Amino acid sequence: MKFLPKNLFVFIALFFLISCSKSDDDYTSATVVGYDLRLCPCCGGFFVSLDDKPDEVYQWYQRQGDMGINEKEKYPLKVKIKYYFLAKTCTASAGEIEITDLIKLK
């Protein structure tokens, strides 16, 4: 059985590495408006406004670990996010989102 040339393996490995990199196309531009300090049963978390829906504000509770944002940040904070909407939850906003990846913008 013949083995493929070493250069072909390098090419294939590079192809897969490049195709698995983060792309800005996968992200949605958004603004973390601030931290919700209200004391109501469905309050708390962060307020997030999606750039493609600027009139709506969603709540995010940062359940998936520390993404480098806390209540002491200087708001509003421009970000790019990967997210999905959660099913009907108790919120004091347009709904709840779960952010799976976040990039802070300057």
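Everything below is about the structure printed above this text.
Residues numbered from 1 in each chain as written. Predicted model: local features only at pLDDT ≥ 70, side-chain atom pairs only at ≥ 80, totals over all residues. Heavy atoms only, no water.

### Some details on the sheet that holds strand β2 (residues 46-50)
Then, number 1: Across the sheet, five strands lie side by side as β3-β2-β1-β4-β5; this open sheet has antiparallel pairing. Among the strands making up the open sheet, the edge pair consists of β3 (58-60) and β5 (97-104). When the angles between neighbouring strand axes are averaged without regard to direction, this sheet yields 45°.
Then, number 2: The pairing of strand β1 (residues 28-35) with β2 spans five bridges and is classified as antiparallel. The partner of Y35 across the bridge, within β2, is F46. (Pairing = 2+ DSSP bridges. Helix = DSSP H or I, 4+ residues; strand = E, 2+ residues; numbered from the N terminus. Axes fitted to C-alpha atoms, helices over the stretch in contact; angles between N-to-C directions.)

### Focus on the packing of aromatic side chains
Then, number 1: Counted by the stated rule, this structure contains four aromatic pairs.
Then, number 2: Geometrically, the ring pair formed by Y58 and F85 is edge-to-face, given 5.3 Å between the ring centres and 65° between the ring planes. Of this pair, Y58 sits in strand β3 while F85 sits in strand β4 (residues 77-85); the two residues are 27 residues apart in sequence, bridging distant segments of the chain.
Then, number 3: Residue classification places Y58 among the buried positions, given a relative accessible area of 3%.
Then, number 4: Among the residues examined, F85 registers a relative accessible area of 41% and is labelled partly exposed.
Then, number 5: For the ring pair Y83 and F85, a centre distance of 5.4 Å and an interplane angle of 85° mean the geometry is edge-to-face.
Then, number 6: By relative accessible area, which is 22% here, Y83 ends up partly exposed. (Phe/Tyr/Trp six-rings, centres within 6.5 Å; stacked < 30°, edge-to-face > 60°. Buried < 20%, exposed > 50% of the residue type's maximum accessible area, 1.4 Å probe, protein only.)

### Some points on the environment of D26
Then, number 1: Its place among the elements puts D26 in the loop between α1 (6-19) and β1.
Then, number 2: On the basis of relative accessibility, which here comes to 44%, the residue D26 falls in the partly exposed class.
Then, number 3: In this structure the C-alpha to C-alpha distance between D26 and K80, which are 54 residues apart in sequence, comes to 9.3 Å.
Then, number 4: Apart from the residues within four sequence positions on either side, D26 is in contact with I81 and K82. (Contact = heavy atoms within 4.5 Å.)

These figures come from the coordinates and say nothing about function on their own.
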